[in-house]
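Spelled out from the first residue to the last, the chains are:
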Amino acid sequence: RNWQGSDCSLRTCPFGKAHVDTPKGDLDFSLAVGDSNDVVVTGSTVYPYGTTEGYPLMADTAGNVLDNTGHDYMECSNKGLCDRGSGQCECLPGYDGAACQRASCPSNANSHTPGSGTEGSNTNFKVYNGKSAFLGAGRLSITQTNQCSGHGTCMTIEQLSYLDYNNVYDLWDKDMTMGCKCDPGYTGADCSRKLCAVGVDPLYTDDTTAQVTHTTVRFEASDADALSGKYAIKFWDILGEDYITGSIPISGTGEIDGKEHCDSVKEALTSLPNQVVPTIECNQEVIDTNKGVEYVLTFTGNPGNLRQIELDQYLDGSRSSVEVSSGTLYTGVHNNVVGESVDHFAQRCEGLTVKILADSADGDDSWEVDVRPGSLGYISGPNGSLSAAQMKMLKKCLSDSDWDPENNVEVANWDTGSNVENDGATSYNMIGAFPHAIKVVPVESTPGYTFHMPGSYHLVWYDADAAAGKQFRVANLNSDANTVAEATEMYVYTTKGTVQQMGYGSESAIGDNPAAIAENPSGGASSTRIVGYFDKDTNQIYTNYDTSCKTNPDSGDRNHVCVNKGDKLFVVDSCWGRGDLGAGTADPIFGGTLLNECADSTAPNFNTGNLYTVNKVYNVPVGSNSTITPSTTVDIVSDPDSKHSVDTNIIEVNANFGWRGLEGDPEDSNLSPAGVGRDTTWSDNTGVVILFHFTPHDAGETYVSLCSGRGLCNADSGLCECFNGYTGHDCSIQNVLAGAQLPGSTTVDKDKKK
């Protein structure tokens, strides 16, 4: 076995899956090369069961020959030469393993251009010295050394994917393609380059505030004075290195021995090595009467998009080190502000300041007549309703919203961001397929203003039929302020990116659902939205349809915009409806026009305008209380507890939600009087929160970067070389004395570097 040749003196080398397939040639000396269906040389020493001369023969489980196939088994995986004397593969540069089955990780010691003849390159021996491996020159390959430069770990692409938020890579090369997982502080394909300090561009904060991470942590016991114990915080810096604090004591009163819990938390974080948390702010509130504490951390010294912290409540192994003497304990973490490195809302609407108001009565906070899901508030001027000039200015700043300038309106050349929906009797303006998005930032006169004060995102559209002064509608609120005197004055920042309401169907985007007319007696059809539900302090959204681009069909019913890893989503609370207005009529409205569980303007979840990044999109098997289709119905009259939620389609984002995204009611198939009025036109055995996809524009401004964007990173030393006029270890300090320096930094003439 594994010998070949006329006298059986030649060895056969190991086979592996071919990196690149090639035809084997005329193996049976028939003067012709057969195709993938022609099996030849059956009974040979190398191929006892035969093989094909053309590209490999592959078939599915039904025996159907597949045309588009590849990566069959080949000797030395088609990336090496077989030494017939030793039976060992001599791998080509960049490949290793007994069968050359792996693509080698880069190395700063062996990273030579293949075929260059440089010392240490395999091809130096095989090509330039003319010592063919087929003649038994043997064992002349140079083993790849110092992989990942000693500053990283060589891993398969499957392993690297798993380390990236447990993503799954399951293609043919999952165990063959290799790459370096660099240690924190190093980068490059071979991990040979040092990273420099990260900072905030000082010129950026001249015009706006830096969006740093704000994290809320909550420990809540059901009983007073029952909470005690210790825990630790796991923190990741901007380079991806993780640190675990020392133990932090906690009690239901929010203090121990006169020391507030926030002081203990700040001390634990700032005591981490290498000053990874140089400064931090903490504000706490005691829950009810000694039932625990909720605190908010503001990472003022750690700009950029940080991984969310985690709590370690098992300092003693399997036994929880945080406990309650009676009752139950709830712990949760979420980012109420997600830190950013790139500002996609960098264009200030110059000459305009606004206030965001809830559209409710001042006396009792009851909703006004124009309020519907996706329309909880409106944009006001700083001292009252927007003037005609201010409205024109805002329209011009908002501009186009849907990539299509041909459908823009008015002299301002803009999109309203609205759609028309009709229930068979009444037409409504609703938040549209392509609403606008804005960021508002407090003006400098706001009490407590610092350049770390976060801006907030809002989805905005225009309702021409709304009450005068309230036409610019806002989907999500940051407070229940409903008068100009109560609200904060804000600058407005717009984006060249595009927001799209996620939908599902044969159309390309959510469309109008107009009233029935003579030419169109059936009216329109309300587009199906992509909706989801989720729990507070989690980061998984359960959607009604599979939103993955991998499984999105090319035609028929499909996602209007599918979701990939790295995409961005707005997930806001706008009291989304869970039943269709006009159910049972010709044209019900998806979600309806009634607010869901929001009795007045104090009820919505505030500060939900975060921009989330998708970590992964995946499916899970159907469970006992699951269904894969939103159209599943149950009889809630005969079985009131029956409910089967669609929970197999999941989008996982980069931070936990600070609120709960609600589910609808079970779909009722009972036609008895008890079931009258239940919606059977779309399923509410799903979530009700409508999702919005955000596609950034290239014009986003990166303001958190190596050397703050005001210097060059020396990859050999890991130190910043600041441009003239800037100093500090991260070049984030403007220096009026251009030649002056702070320790740890050098200055370069920017012009000389060109």
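Residues numbered from 1 in each chain as written. Predicted model: local features only at pLDDT ≥ 70, side-chain atom pairs only at ≥ 80, totals over all residues. Heavy atoms only, no water.

Within the chain, the secondary structure is distributed over 4 helices and 53 strands. With 754 residues in all, the chain has 47% of them scored as buried. Residue pairs in contact within the chain that sit at least 24 positions apart in sequence constitute 68% of those at least 6 positions apart. When the accessible surface of the chain is summed, it comes to about 34,500 Å², and 49% of that surface belongs to carbon and sulfur atoms. (Helix = DSSP H or I, 4+ residues; strand = E, 2+ residues; numbered from the N terminus. Buried < 20%, exposed > 50% of the residue type's maximum accessible area, 1.4 Å probe, protein only. Contact = heavy atoms within 4.5 Å. Areas by Shrake-Rupley, 256 points an atom, 1.4 Å probe, with all protein chains shown as cover.)

Here the focus is the sheet that holds strand β16 (residues 214-221). What holds strands together in a sheet is hydrogen bonding between their backbones, with the strands either parallel or antiparallel. Spatial strand order, β22-β23-β16-β26: 4 strands in an open sheet with antiparallel pairing. The two strands at the open ends of the sheet, each matched to only one other strand, are β22 (281-286) and β26 (329-337). Strand-to-strand twist of the sheet, defined as the mean angle between neighbouring strand axes without regard to direction, takes the value 15°. Relative to β26, β16 runs antiparallel, the two sharing 8 bridges. (Pairing = 2+ DSSP bridges. Axes fitted to C-alpha atoms, helices over the stretch in contact; angles between N-to-C directions.)

All right, on to the pairing of strand β33 (residues 456-462) then. Within β33, 7 of the 7 residues are buried, which leaves the element mostly enclosed by the surrounding structure. Burial along β33 is two-sided: the residues S456, H458, V460 and Y462 and Y457, L459 and W461 are all buried. The sheet contact formed by strand β32 (residues 436-442) and β33 spans 5 bridges and is antiparallel. Looking at β33, one finds that V440 is bridged to S456.

A few words on the pattern of salt bridges. One pass over the structure, following the stated rule, counts 18 salt bridges. A salt bridge links D96 to R102; its shortest N-O distance comes to 3.2 Å. For D96, a relative accessible area of 18% puts it in the buried group. Among the residues examined, R102 registers a relative accessible area of 30% and is labelled partly exposed. Residue D359 is joined to R473 by a salt bridge in which the shortest nitrogen-to-oxygen separation is 2.9 Å. (Salt bridge = Lys/Arg side-chain N within 4 Å of Asp/Glu carboxyl O.)

On to the nonpolar core, then. Formed by 42 residues in total, the largest nonpolar core has its most connected members in L459, F570 and V571. Not counting the four nearest positions on each side in its chain, L459 is found in contact with I431, H436, A437, R473, V474, A475, N476, V499, F570, V572 and F692. (Core = buried A, V, L, I, M, F, W, Y, C linked by side-chain atoms within 4.5 Å.)

All right, on to the sheet that holds β32 then. Overall, antiparallel pairing links the 6 strands, which are arranged β28-β29-β34-β33-β32-β35 in a closed barrel. Shown here is a sheet whose adjacent strand axes are inclined to one another by a mean of 45°, direction ignored. Looking at chain direction, strand β29 (residues 377-380) and strand β34 (residues 472-474) are connected through 2 bridges and run antiparallel. Bridged to G377 within β34 is V474. With respect to the sheet, helix α4 (residues 388-398) is in contact with β28 (347-358), β29, β32, β33, β34 and β35 (490-494), its orientation differing from that of β28 by roughly 110°.

Let us now look at the side chain of E53. Turning to its location among the elements, E53 is positioned in the loop between β5 (51-52) and β6 (73-75). Of the side chains with opposite charge, K24 lies nearest to the buried E53, which makes no salt bridge, at 10 Å. Within polar-contact distance, the side chain of E53 engages the backbone nitrogen of L27 at 2.9 Å. For E53, the side chain forms a polar contact with the main-chain nitrogen of D28, separated by 3.2 Å. Apart from the residues lying within four places of it in its own chain, the contact partners of E53 are P23, K24, G25, D26, L27, D28, A32, V33, G34, D38 and V40. (Lys, Arg positive; Asp, Glu negative; His and termini not counted. Polar contact = N/O pair within 3.5 Å; in protein donor to acceptor, adjacent residues only side chain to side chain.)

A few words on the state of the cysteines. Per the counting criterion, the structure on display carries 13 disulfides. With its sulfur 2.0 Å from that of its partner, C549 forms a disulfide with C562. One disulfide, between C549 and C562, carries an S-S torsion of 95° and so falls in the right-handed class. One end of the pair, C549, is in the loop between β40 (540-543) and β41 (558-559); the other, C562, is in the loop between β41 and β42 (568-570), and 13 residues separate them in sequence. A sulfur-sulfur distance of 2.0 Å marks the disulfide that ties C575 to C598. (Disulfide = S-S within 2.5 Å.)

We now examine the packing of aromatic side chains. Considering all chains together, one arrives at 18 aromatic pairs under this definition. A centroid spacing of 5.4 Å and a plane angle of 80° characterise the contact between W414 and Y462, whose relative ring orientation is edge-to-face. One end of the pair, W414, is in the loop between α4 and β30 (418-422); the other, Y462, is in strand β33, with 48 residues separating them in the sequence. Note on F534 and W659: the rings are 5.0 Å apart at their centroids and 85° apart in plane angle, and the pair reads as edge-to-face. Of this pair, F534 sits in the loop between β39 (531-533) and β40 while W659 is found in the loop between β44 (649-653) and β45 (689-690), placing the two residues 125 residues apart along the sequence. (Phe/Tyr/Trp six-rings, centres within 6.5 Å; stacked < 30°, edge-to-face > 60°.)

Counting through the fold element by element, G505 comes out in strand β37 (residues 503-505). According to the relative accessible area criterion, G505 is buried, its value standing at 5%. In the structure, G505 is positioned 54 residues away from N559 in sequence and 6.6 Å away in space, judged by C-alpha atoms. Apart from residues lying up to four places away in sequence, G505 is in contact with G556, D557, R558 and H560.

Attention now goes to the pairing of β35. Most of β35 sits out of view: 5 of its 5 residues are buried. Both β28 and β35 contribute to a ladder of 4 bridges, which runs antiparallel. Bridge pairing in β35 places T353 opposite Y491. Bridge analysis of β32 against β35 gives 4 bridges, and the strand direction is antiparallel. Across the sheet, V441 pairs through a bridge with Y491, a residue of β35.

Turning next to a negative patch on the surface. A cluster of like negative charges, contributed by D206, D207, E350 and E701, occupies part of the molecular surface. Among the secondary structure elements, E701 is positioned in strand β47 (residues 701-702). (Patch = residues over 30% accessible without salt bridge, like charges linked within 9 Å, V, L, I, M, F, W, Y side chains within 5 Å. Charge placed at Lys NZ, Arg CZ, Asp CG, Glu CD.)

Quick look at the confidence of the model for the chain now. It should be kept in mind that the predicted coordinates are not to be read in detail where pLDDT is low. Counting all residues, the mean pLDDT for the chain is 87, and 87% of those residues have values of 70 or more. Throughout residues 111-142 the model reports pLDDT below 50, and contacts reaching past four residues in sequence, or to other chains, amount to 60 contacts. (pLDDT = per-residue confidence, 0-100.)

Inspection of the secondary structure puts D365 in the loop between β28 and β29. Sequence separation of D365 and S601 is 236 residues, and the distance between their C-alpha atoms is 5.5 Å. Those residues in contact with D365 that lie beyond four places of it in its chain are S360, N482, D600, S601 and T602.

With phi around 60°, N166 is a residue other than glycine that occupies positive phi space. Of note, N166 is situated in the loop between α2 (157-163) and β12 (178-182). The phi angle at C731 is positive, at roughly 60°, despite the residue not being glycine. Mapped onto the secondary structure, C731 falls in the loop between β51 (726-727) and β52 (733-734).

Moving on to a nonpolar patch on the surface. On the surface, a cluster of nonpolar side chains totalling about 220 Å² of accessible area is made up of V39, L57 and V65. By secondary structure assignment, the location of V39 is in strand β4 (residues 39-40).

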